[in-house]
Amino acid sequence: MRRILDTDTAFRWFCKAGAIVGLAVAIALVAVILKESMLALRTAGFSLVFSAEWNPADGSFGAAGALAGTAATTLLALLMAVPMAFAAALFVNAAPPNVAVPVAHALDLLAAIPSVIYGMWGLFVLCPLLQSVLSRFGIEYTGFGLVPSSLVLALMVLPYVSAVMRDVLAQTPVALVESAMGVGCTRWEATWDVVVRSRKAGLLGAIMIGLGRALGETMAVLFVCGGVSAIPTGLLDGCTTIAATLANDFAEADGVHKSALFALGGILLALEFAIQATTIPLIGRRSKK
Amino acid sequence: MNSRKITENILSVSTATLLITGVAVFGFGCNGKGRQKINGAGGSFPAPLYQSWCFDYSQDISHPKVNYQSVGSSAGISQIKAGTVDFAGTDAPLSEEDCEKSGLEQFHMVSGAVVPTVNLPSLAQSTFTLDGDTLADIYLGKIERWNDTRIAALNPGLTLPDLKITVVHRGDGSGTTHIFTTYLSSVSEAWKKDIGIGTIVKWPCGIAGQKNPGVCNNVSRIKGAIGYTEYTFALEAKLQIAFLAVDGKTVKPDEAAWPILGKTYILTRKDTPADKMSAMADFFSWCKQYGGDTARRLHYIPVSK
């Protein structure tokens with residue numbers, strides 16, 4: 001029987017086309033960002049990252065404030081989220097299924113909430129709450145800035161970090177834990193000295209995934225950061241992040257301003273890429289024994 | 001052996017694709033032949049009025065369908081220059097050279113008041129007054145507390161709260177900011193010298209809100225906050241408005257003597273196709289002829305016919 005269409009050949013081409021499109025889009029994206037940011041790199045140069053004077057009205061584009069804000073919110077968010085994610089992952093893995101499954105589902109559900117909802121919650125609930133709680137201690141606080149930004153980010157990265165940690169911990173060979181218990185380790189020692197040590201790379205990978213997510217988060221942070229372009233000097237200061245600056249300014253930017261935003265986008269992309277590149281081998285290692 | 005089945009599948013998928021494409025093309029075609037569409041975008045300051053006008057005008061199906069997106073004055077200017085909208089609304093007028101260079105035409109549509117809004121729960125029922133100089137110094141960060149002696153001097157009968165002032169301003173490029181900073185520059189030498197007039201300025205203090213609604217929201221969430229918005233937004237958000245003392249007399253926003261008034265403008269492209277241009281002209285003259293009542297109801301001041 002004559003074949004009308006060689007399905008294998010067609011399928012091969014289809015797959016090739018898919019792969020090429022993906023690669024081409026990635027290359028085009030980087031090329032456009034580079035091309036568009038040239039103007040800002042020429043006019044502003046290093047002051048783009050070292051100056052904190054961001055004033056589109058007079059043409060100064062120093063994004064040190066946004067960079068510092070990004071670093072500070074991300075770091076604070078991870079400081080809060082990682083211990084909680086780790087505890088939740090340990091609990092889910094150790095608890096009996098009738099408790100563990102609902103908890104695991106609830107955690108996964110957190111990941112499904114769109115970021116703008118987190119932003120609304122931050123704006124309508126968290127910020128006023130922070131203001132009223134702190135005012136009871138005699139601290140006058142606007143409710144906006146580093147604290148709510150990192151709290152919202154912590155909540156958002158928690159399910160991702162926890163889900164990866166859960167998988168990483170589940171890969172621990174049972175014999176390893178049993179041997180540790182067998183030689184008289186306490187539960188804490190078996191967990192901390194044996195399980196965590198043997199899964200170090202994978203756990204680090206989980207943290208990196210959280211880091212990547214927190215760095216690029218836009219909407220939720222934009223709502224609660226206060227939009228202050230100066231470098232934050234205290235916990236109660238307003239701040240902004242690279243992603244929030246992009247979202248805030250893009251619609252009306254032109255000329256050097258637009259170019260500076262592209263340059264910031266490029267910095268964010270490079271950071272995310274570096275994180276991705278370090279995460280893949282870490283997470284990949286968990287499948288090896 | 002299995003290839004016939006696969007061929008059939010491919011055929012059925014292709015048929016489905018063709019059908020979908022057909023429906024899409026047909027739908028698109030209908031759209032093209034139907035009512036003419038006019039798209040506008042720009043400042044959020046006149047947006048409540050423009051959107052209300054668009055709605056009323058488009059109710060009559062013999063009229064083109066007009067819509068206006070509240071994206072901010074600066075964004076509106078970018079869009080009209082790029083030709084992605086048919087008209088733009090801006091509160092900060094473009095310079096003549098800029099209009100000439102970009103092939104744009106500009107005309108004054110309506111005026112409106114910008115008001116300072118405050119969140120001072122203990123004074124919600126009272127008449128609270130500021131003056132230009134005090135307002136400028138609050139926005140400069142020189143007056144930091146509500147019980148400052150200068151604010152107290154303007155409000156002799158009131159017990160002012162011992163509360164920090166949180167300044168709220170626009171984060172995005174804004175015509176409202178242009179109107180507000182124009183006023184501050186006219187009443188305060190220090191403001192004029194250090195900050196100046198602009199759709200975006202370098203704010204010496206405070207936190208940002210997105211567009212008029214964002215500023216209203218932040219003011220209503222933060223105790224001790226002060227912000228500025230277009231009058232209608234302040235009324236809709238039920239915010240307390242700070243009245244202004246002008247020559248020793250307290251003035252309210254709906255009085256003629258209210259000092260923070262802004263004109264808002266429409267921008268159109270000179271290269272707009274003739275049929276669309278005449279449709280737009282019809283819409284704008286309709287607004288001027290029939291839109292006055294809506295404008296006054298929403299607290300704008302229409303241009304006389």
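Residues numbered from 1 in each chain as written. Chains lettered and ligands numbered in written order. Predicted model: local features only at pLDDT ≥ 70, side-chain atom pairs only at ≥ 80, totals over all residues. Heavy atoms only, no water.

This paragraph deals with the overall build of chain B. Within chain B, the regular secondary structure consists of 12 helices and 13 strands. Split into buried and exposed, the 305 residues of chain B put 50% on the buried side. The contacts of chain B with a sequence gap of at least 6 include a subset with a gap of at least 24, amounting to 72%. Entry remark: accessible area of chain B is about 14400 Å², with carbon and sulfur atoms responsible for 55%. (Helix = DSSP H or I, 4+ residues; strand = E, 2+ residues; numbered from the N terminus. Buried < 20%, exposed > 50% of the residue type's maximum accessible area, 1.4 Å probe, protein only. Contact = heavy atoms within 4.5 Å. Areas by Shrake-Rupley, 256 points an atom, 1.4 Å probe, with all protein chains shown as cover.)

Glancing now at the sheet that holds strand β5 (residues 129–131) of chain B. Residues and elements named next belong to chain B. Taken in spatial order, the three strands of this open sheet run β5-β10-β11, and their pairing is mixed. What marks the edges here is a single partner per strand, and that holds for β5 and β11 (249–251). On average, adjacent strands in this sheet sit at an angle of 45° to one another, irrespective of strand direction. As paired elements, β5 and strand β10 (residues 243–246) share three bridges and run parallel to each other. Bridging from a neighbouring strand, Asp131 pairs with Ala245 of β10. Across the face of the sheet, helix α5 (residues 132–139) comes into contact with β5 and β10 while running at roughly 85° to β5. (Pairing = 2+ DSSP bridges. Axes fitted to C-alpha atoms, helices over the stretch in contact; angles between N-to-C directions.)

Below, the discussion takes up the interface of chain B and chain A. At the interface, 28 residues of chain B touch 23 residues of chain A. Carbon and sulfur atoms supply 55% of the area buried between chain B and chain A, which totals about 2300 Å² over both sides. When residues of chain B are sorted by the area they lose upon contact with chain A, Ile200, Lys202 and Arg221 of chain B head the list and together hold 25% of the total. Linking chain B with chain A are one salt bridge. (Buried area = accessible area lost by both parts, 1.4 Å probe. Salt bridge = Lys/Arg side-chain N within 4 Å of Asp/Glu carboxyl O.)

Nonpolar side chains in soluble globular proteins generally cluster together in the buried interior. All names here are of chain B. Counting residues in each nonpolar core, the largest one holds 39 residues, and the members touching the most others are Phe128, Leu135, Tyr139 and Ile226. Elements represented by at least two residues in this core include exactly β4 (104–118), α5, α7 (175–187), β8 (225–230), α10 (231–236) and β10. Ignoring anything within four residues of it in the chain, the contact list for Ile226 reads Thr117, Val118, Leu130, Leu135, Ile138, Tyr139, Trp146, Ile165, Thr166, Val167, Val168 and Val219. (Core = buried A, V, L, I, M, F, W, Y, C linked by side-chain atoms within 4.5 Å.)

This structure, assessed with the given rule, holds 13 salt bridges over all chains. Where Arg269 of chain B meets Asp271 of chain B, a salt bridge forms, and the shortest distance between an N and an O atom there is 2.9 Å. Each of Glu140 of chain A together with Arg145 and Asp162 of chain B takes part in salt bridges that share partners, so that together they form one network.

Moving on: the side chain of Ser115 of chain A. All names here are of chain A. Along the chain, the position of Ser115 falls in helix α5 (residues 115–136). Here Glu217 takes part through its side chain, which lies 3.3 Å from a polar atom of the side chain of Ser115. In this structure Ser115 touches Met156, Glu217, Met219 and Ala220, once residues within four positions along its chain are discounted. (Polar contact = N/O pair within 3.5 Å; in protein donor to acceptor, adjacent residues only side chain to side chain.)

So, about the packing of aromatic side chains. In this structure the tally under the stated criterion is 23 aromatic pairs over all chains. Ring centres of Phe46 of chain A and Phe50 of chain A lie 6.3 Å apart, and the angle between their planes is 40°; this geometry places the pair in the tilted category. Since its relative accessible area comes to 67%, Phe46 of chain A is described here as exposed. Residues Tyr139 of chain B and Trp203 of chain B carry aromatic rings whose centres are separated by 5.9 Å and whose planes lie at 55° to one another, so their mutual orientation is tilted. Of this pair, Tyr139 of chain B sits in helix α5 while Trp203 of chain B sits in the loop between α8 (189–194) and β7 (207–209), and the two are 64 residues apart along the sequence. You'll find Tyr139 of chain B and Trp203 of chain B in the same group, each marked buried. (Phe/Tyr/Trp six-rings, centres within 6.5 Å; stacked < 30°, edge-to-face > 60°.)

Residue and element names in this part refer to chain B. One non-glycine residue, Lys238, adopts positive backbone phi at about 55°. By secondary structure assignment, the location of Lys238 is in the loop between α10 and β9 (240–241). Even without a glycine there, the phi angle at His299 is positive, about 70°. Mapping His299 onto the fold places it in the loop between α12 (292–297) and β13 (300–302).

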